[in-house]
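# What the coordinates show
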Amino acid sequence: MNRFSLALHFVRRELHERYRGSFTGFGWAFLQPLLQLAIYAFVFVEIFKARIPGAGAPGYVPFLVVGLWPWIAFSDAILRSTTALQDNSALIGKVAVPREILVFAPCAAGFMLHLAGFIVILLVLALTGQGIRIQGIPFAILMYLPMFLYAYGAALCFAALQVFVRDLVQILGQLLTLMMFAAPIFYDRSNLPDRYQGWLDLNPFTGFVEAYRFLLLGHGNFGWGALGLVLAIAVISYLVGSWLFRRLDPHFEDFL
Amino acid sequence: MSEILVRAEGLGKRFPKSHRSSDRLRSLGRLLLGGGDVDGQQVLHDINLEVKRGESVAIIGENGAGKSTLLKLITGVLTATEGTANVYGKVGALLELGAGFHPEYSGRDNIAMAGALYGLNRTQIAQCLPGIIDFADIGAYIDEPVKHYSSGMVVRLGFAIIAALKPDLLITDEVLAVGDESFQKKCVRWMEDYLAGGGTLLLVSHSMYHVQKLCSHALWLHHGKVAMYGDVFDVSQAYLAWHERRQAAVASDHGVRAGQEFEIVEFTVNGQDESPAPVLDIGNSLRLRVRAGSRERRTPVVLFGVARADGTPVYGVSSEMDAVALEGGQSSVYCAEIEFEGIGLLPGSYMVKVHVLDSEGIRLFDTEERTLTVRGESREFGLVRLPHRWVRFVGEANE
């Protein structure tokens, strides 16, 4: 209970910090993905003339929103949490604080902000008749839970390693970009040549994107098997992350 | 009252090498693969310590002896390499400066944060807030970011928070050294009240005055090992003596004072010729005796003095002031002895000094000092017990 209220306090602090000193405040959490979306939409729709194959396929913009927005939440949370221990080294050196909370806070705060933005843009798209299924929105929100667990597990892992290997966060930025293009965010599975389509399953994020597409656009396939896989990824990530974190936890202060 | 609050057994700490990135990677590998020992700098060896509820223990020692590391191990900020440290009860710790404040946040936000870390909920924090702000007494700075604070203000705020939390165990690391005189007094007074109310204290300080005033026991750390543990007066006395011996060793390297016109041959405190002087119980008599050599067989003037350990003079008197002539006999060595009967020094650390001057009492030729510890329980203030009596006004009340 105590741990819970402490976590709540840190999440609140984190949310506070994100808008403190900036004019746009919380709006930035919404503006940033929106801008990114506008750029990608322009490049892919106007320049590359991207199109989703198949009859009755969704328009490219809702197709992109549904994949890109959760990805931004995911990668943003991981990147911010990775340096969490380093950023709070002054606190870690003075107070016996449960360290996983320091990683949890930026991760959870990032997810909350981006989820709020996601809901807003989905409602806007739905109301302007872009083919978003309103009844799918609650399920899509539920899908954020395993995605959060996945991200939190990864964040625990990277935050612990970052203490020892300081250039991890730079490498991680590159790796996340790679992972983004290796997941069907900007394209559909059916855009790929047949022999490459199976490779997509190696990317753990593929399942999440396809789940959102299925739930919100009725596009593609997402069965119980795929759901089970997604949940398994989330649980395994969390278990591995917290094992690694607990293993290194006693030694953080020595290396910070 | 005999409940144990802190128990450390065989506590040891080794800091791994962490400067070079290859060292960091190697350590990471070792930790992940099932932890062979990490090589590095051993800062604490086999520390055993038990603190019971209501005790106050000072940890003293030279710089780098491992005092702060020991406190960090006890608070759980650091993890021990060997042994265990268990704390039973709520701990309020003020480690070094800063107390874990976030420099970008205001004092008020940092109070909320410290309260949350201590386990208070929002309403409890809100209740404590006025008291903390009042105790810290830093005015409008409370709403400024902590990065704009002076180091004294940071300590004020940190101490105010601890004071409001009323922990079972209070751990402070060299906190009093930063605050100004009035804040130091406020802190000392608060700690005395806290101890009187059954609080438990672990204190790191270089000020023997504070150590002796606040603590009943002391632990002397030397190169990461316990050099001595016991009654605060015995330990601090031994510690000061060790310092003196070390200084004397340095001084004698270049201190050749042969050929002086006057020099001290022997200086005894209560009959003992070595430093430290024997511990004095409060109210005992103090006898100082000096034998001074004079090359030209001229009678020297001798000045005896007592000062507090920090150098504040308490009393000084010379043979010339009291018009006492030193006896020389036929030899060139003159002898003087003075007795302070039932000396009124209050418990603490002092220096007794002797100066030898020329026959006119103008030029100083030789000086010797001894540390002196006065032991005892007293709640009186100041340095000396002045002769006094309470006067009763008969009749005034019954008129």
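Note that residues are indexed from 1 along each chain, following the sequence as it is written. Ligands are numbered from 1 and chains lettered from A, in the order in which they are written. Given that the model is predicted, a residue must reach a pLDDT of at least 70 before its local features are reported, and side-chain atom pairs must reach 80 or more before they are shown or counted; all residues, however, enter totals for whole chains, interfaces and linings. No hydrogens and no water enter the side-chain calculation; it runs on all heavy atoms of the structure.

## So, helix α1 (residues 2-19) of chain A
Every helix listed is a DSSP run of H or I at least four residues long, and every strand listed is a run of E at least two residues long, numbered separately from the N terminus. Given a helix with a known number of residues, its expected span is that number minus one, times 1.5 Å. The terminal C-alpha atoms of α1(A) lie 27 Å apart, and with 18 residues this matches the ideal 26 Å at 1.5 Å per residue to within 8%. Residues of α1(A) that are buried include every one of Leu6(A), Ala7(A), His9(A), Phe10(A), Val11(A), Arg13(A), Glu14(A), Leu15(A) and Arg18(A), and no others. Any two residues whose heavy atoms approach within 4.5 Å are treated as being in contact. Residues of α1(A) that are buried in the fold lie against α3 (60-82), α5 (89-92) and α6 (99-127) of chain A together with α3 (107-118) of chain B. Throughout this description, buried means an accessible area under 20% of the type-specific maximum (1.4 Å probe, protein chains only), exposed means over 50%, and partly exposed covers the range between.

## Describing the sheet that holds strand β4 (residues 82-87) of chain B
Residue and element names in this part refer to chain B. Strands are labelled as partners when DSSP assigns at least two bridges between them. One open sheet accounts for three strands, arranged β2-β1-β4; its pairing is antiparallel. On the outer flanks of this sheet lie β2 (40-52) and β4, each paired with one strand and no other. In this sheet, adjacent strand axes meet at a mean angle of 20 degrees when their direction is disregarded. Pairing of strand β1 (residues 4-16) with β2 involves nine bridges; the strand directions are antiparallel. Note that in β2 the partner of Leu-11 across the bridge is Ile-47. Axis geometry follows a simple rule: fit a line to the C-alpha atoms, using only the stretch in contact for helices, then measure angles between N-to-C directions, giving values from 0 to 180 degrees.

## Thoughts on the domain arrangement of chain B
All names here are of chain B. What counts as a domain boundary in this text is fixed by an automatic or database domain assignment. Examined at the domain level, chain B breaks down into domain 1 (4-241) and domain 2 (256-375). Summarising the inter-unit geometry, the C-alpha centres of domain 1 and domain 2 are found 41 Å apart. Between domain 1 and domain 2, the residue contacts involve nine residues of the former and 12 residues of the latter. With both chains or domains summed, domain 1 and domain 2 bury close to 830 Å², and 59% of this area falls on carbon and sulfur atoms. Residues adjacent in sequence count toward polar contacts only when both atoms are side-chain atoms; beyond that, a polar contact is any pair of N or O atoms within 3.5 Å, and within protein one must be able to donate a hydrogen and the other to accept it. The tally of links between domain 1 and domain 2 comes to two residue pairs in polar contact (both at pLDDT 80 or more). Of the residues forming the side of domain 1 that touches domain 2, the biggest block, five residues, is contributed by helix α8 (residues 232-254). When residues are sorted by character, Ala, Val, Leu, Ile, Met, Phe, Trp, Tyr, Cys and Pro go into the nonpolar class, Asp, Glu, Lys and Arg into the charged class, and all the rest, Gly among them, into the polar class. For the side of domain 1 that touches domain 2, the class distribution of residues is five nonpolar, two polar and two charged. Here the quantity called buried area is the total loss of accessible area, with a 1.4 Å probe, experienced by two parts when brought into contact, counted for both.

## Comments concerning the packing of α1(A) against α6(A)
Residues and elements named next belong to chain A. For the pair α1 and α6, the least separation of the axes is 8 Å and the interaxial angle reads 55 degrees. Taken together, the axis directions place α1 and α6 in an arrangement best described as oblique. Where α1 crosses over α6, the handedness of that crossing is right-handed. Of α6, the residues touching α1 (which contributes Arg-3, Leu-6, Ala-7, Phe-10, Val-11, Glu-14, Leu-15 and Arg-18) are Glu-100, Ile-101, Leu-102, Phe-104, Ala-105, Pro-106, Ala-108, Ala-109, Gly-110, Met-112 and Leu-113. Taken together, the residues that form the contact of α1 with α6 break down as 14 nonpolar, one polar and four charged. When describing relative orientation, an angle under 35 degrees is termed roughly parallel and one over 145 degrees roughly antiparallel, while 65 to 115 degrees is termed roughly perpendicular and anything else oblique. Crossing handedness follows the turn of the near helix against the far one: under a right angle anticlockwise gives a left-handed crossing, and clockwise gives a right-handed one.

## Describing the packing of aromatic side chains
Residue and element names in this part refer to chain A. Each Phe, Tyr or Trp ring, with Trp reduced to its six-membered ring, pairs with another whose centre is within 6.5 Å; inter-plane angles below 30 degrees give stacked pairs, above 60 give edge-to-face pairs, and intermediate values give tilted ones. If you walk through the whole model with that rule in mind, you get 34 aromatic pairs over all chains. Ring geometry for Phe-44 versus Tyr-60: centroids 6.0 Å apart, planes at 35 degrees, classification tilted. Taken together, the positions of Phe-44 in helix α2 (residues 27-47) and Tyr-60 in helix α3 put the pair 16 residues apart, joining distant regions of the chain. Taking relative accessible area as the criterion, Tyr-60 reaches 7% and is therefore assigned buried. Here the aromatic cluster, defined as three or more aromatic residues joined through ring pairs, consists of Phe-104, Phe-111, Phe-118, Tyr-144, Phe-148, Tyr-152, Tyr-212 and Tyr-238. Here, a charge over a ring is recorded when the distance from Lys NZ or Arg CZ to the ring centre is within 6 Å and its angle to the ring normal is within 35 degrees. It is Arg-213 that lies over the ring of Phe-63; its NZ or CZ is 3.5 Å from the centre.

## Description of the pairing of strand β14 (residues 313-318) of chain B
Residue and element names in this part refer to chain B. Bridge count for strand β13 (residues 301-308) against β14 is five bridges, and the pairing is antiparallel. Residue pairing across strands places Gly-305 opposite Gly-316, the latter belonging to β14. Hairpin connection, β13 to β14: the antiparallel pair is bridged by four residues, and Gly-311 has positive phi, about 105 degrees.

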